[in-house]
Amino acid sequence: MQKRNATVAVIGAGDYIGAEIARKFAAEGFTVFAGRRDGAKLEPLAREIETAGGSIVARALDARKEDEVAAFLDDADKHAPLEVTIFNVGANVSFPILETTDRVFRKVWEMACWAGFLAGRESARLMMPRGQGNIFFTGATASLRGGSGFAAFASAKFGLRAVAQSMARELGPKNIHVAHLIIDSGVDTAWVRQRREQLWGKEALNNPDLLMPPASVAASYWQLYQQPRSAWTFELEIRPFGEKW
């Protein structure tokens, strides 16, 4: 492993996609700053990366709080230049419209849209003086179309996509690559498997090609990072070959 004098910040370093992103970039020599609300849950990931010879700083982080996001990214940049920020906070909830309370709607927006704006703005503040950087956002099918029961989630993801698109147009000419990754699939997690089994029965889990492995998402982020600036992608849609769309 060739060590790099650079950090990657993973905001929303959960057990699946976020953890795989951290593993991939650590394996490529980055120091990973990993943040999630319950920082104690990062301990197994940190031990694994360090045992493999990688470098990680694991922190508790509420991505909805401006001061915490700014401090987290500042610390990453002080450790080594912040080269990549990946915003991967979830918030996928489903409620019938009459059961979608104002509290639910606001909380989902805070997590999926407002927090993304904070992560993007604070990353740009650090990257612009150097004239380079990468800011990537995790999107979903709901970023492009609303679905029954997903008024809160889809509106927040629509908003995050707009934030990312606006940032890409503004920051691209400043040599900062902003990209939005649309995951048009269920990701292979315990929660998704449980939900599919509840909705459609155990036979819904028989075809492994309908769920996306988290490591495949991490590989897609790595591909975005490697793109030459003469051919940057803003929006990348990924789905398993067995997924209908």
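Residues numbered from 1 in each chain as written. Predicted model: local features only at pLDDT ≥ 70, side-chain atom pairs only at ≥ 80, totals over all residues. Heavy atoms only, no water.

Some remarks on the overall build of the protein chain
- Summing up its helical and strand segments, the protein chain has seven helices and nine strands in all.
- Scaling as 2.2 N^0.38, a compact globule of 245 residues should have a C-alpha radius of gyration of about 18 Å, and the protein chain matches this with 17 Å.
- For the protein chain, the spread of C-alpha atoms along the principal axes amounts to about 50 × 35 × 35 Å.
- Taking all 245 residues of the protein chain together, 48% fall into the buried category.
- A fraction of 74% describes how many contacts in the protein chain between residues 6 or more apart in sequence connect residues 24 or more apart.
- When the accessible area of the protein chain is evaluated, it comes to approximately 12000 Å², of which 52% is carbon and sulfur surface.
- Positive and negative side-chain charges in the protein chain, numbering 30 and 28 respectively, have mean positions lying 2 Å apart. (Helix = DSSP H or I, 4+ residues; strand = E, 2+ residues; numbered from the N terminus. Rg over C-alpha atoms; globule rule 2.2 N^0.38 Å. Buried < 20%, exposed > 50% of the residue type's maximum accessible area, 1.4 Å probe, protein only. Contact = heavy atoms within 4.5 Å. Areas by Shrake-Rupley, 256 points an atom, 1.4 Å probe, with all protein chains shown as cover. Lys, Arg positive; Asp, Glu negative; His and termini not counted. Charge placed at Lys NZ, Arg CZ, Asp CG, Glu CD.)

Re the packing of helix α3 (residues 66-79) against helix α4 (residues 102-127)
- In contact at an axis separation of 10 Å, α3 and α4 are set at 35° when each is read in the N-to-C sense. Where α3 crosses over α4, the two elements pack in a sense that is right-handed. Counted together, E66, V69, A70, L73, D74 and D77 of α3 and L118, A119, R121, E122, S123, R125 and L126 of α4 form the full contact between these two elements.
- The residue makeup of the contact of α3 with α4, split by class, is six nonpolar, one polar and six charged. (Axes fitted to C-alpha atoms, helices over the stretch in contact; angles between N-to-C directions. Left-handed = near helix turned anticlockwise from the far one by under 90°. Nonpolar A, V, L, I, M, F, W, Y, C, P; charged D, E, K, R; others polar.)

Some thoughts on the environment of F234
- Within the element layout of this structure, F234 appears in the loop between α7 (214-226) and β9 (235-238).
- Along the chain, F234 and A80 lie 154 residues apart, while their C-alpha atoms are 26 Å from each other.
- Non-local contacts of F234, meaning those with residues more than four positions away in its chain, are made with R161, A164, Q165, A168, V178, A179 and H180.

A few points about unusual backbone geometry
- Even without being glycine, A91 reaches a positive phi, approximately 120°.
- Take A91: it is sitting in the loop between β4 (82-87) and α4.
- One non-glycine residue, N175, lies in the positive phi region at around 70°.

Some thoughts on the sheet that holds strand β6 (residues 176-183)
- Spatial ordering of the open sheet is given by β3-β2-β1-β4-β5-β6-β9, a layout of seven strands whose pairing is parallel. At either end of the open sheet lies a strand with only one pairing partner, and these are β3 (55-60) and β9. When the angles between neighbouring strand axes are averaged without regard to direction, this sheet yields 15°.
- Of the strands in this sheet, β4, β5 (133-140), β6 and β9 are in contact with helix α5 (residues 151-171), which crosses β5 at around 155°. (Pairing = 2+ DSSP bridges.)

Details of the pattern of salt bridges
- Under the criterion given, the structure shown has 15 salt bridges.
- Residue R239 pairs with E237 through a salt bridge whose shortest N-O separation is 2.6 Å.
- When its relative accessible area of 21% is taken as the criterion, R239 is described as partly exposed.
- Looking at E237, the relative accessible area reads 37%, which means it is partly exposed.
- The network of salt bridges with common partners includes E66, D74, R121, E122 and R125. (Salt bridge = Lys/Arg side-chain N within 4 Å of Asp/Glu carboxyl O.)

What about the packing of aromatic side chains?
- Going through the model one piece at a time under the given rule, you end up with 12 aromatic pairs.
- Geometrically, the ring pair formed by F87 and F137 is tilted, given 6.3 Å between the ring centres and 55° between the ring planes. Residue F87 is found in strand β4, and its partner F137 is found in strand β5; the two are separated by 50 residues along the sequence.
- The class for F87 is buried, based on a relative accessible area of 1%.
- Taking the centre distance of 6.3 Å and the plane angle of 25° together, the rings of W109 and W114 count as stacked.
- Of the residues examined, W114 reaches a relative accessible area of 26% and is grouped as partly exposed. (Phe/Tyr/Trp six-rings, centres within 6.5 Å; stacked < 30°, edge-to-face > 60°.)

Function cannot be read off these values alone, since they describe shape.
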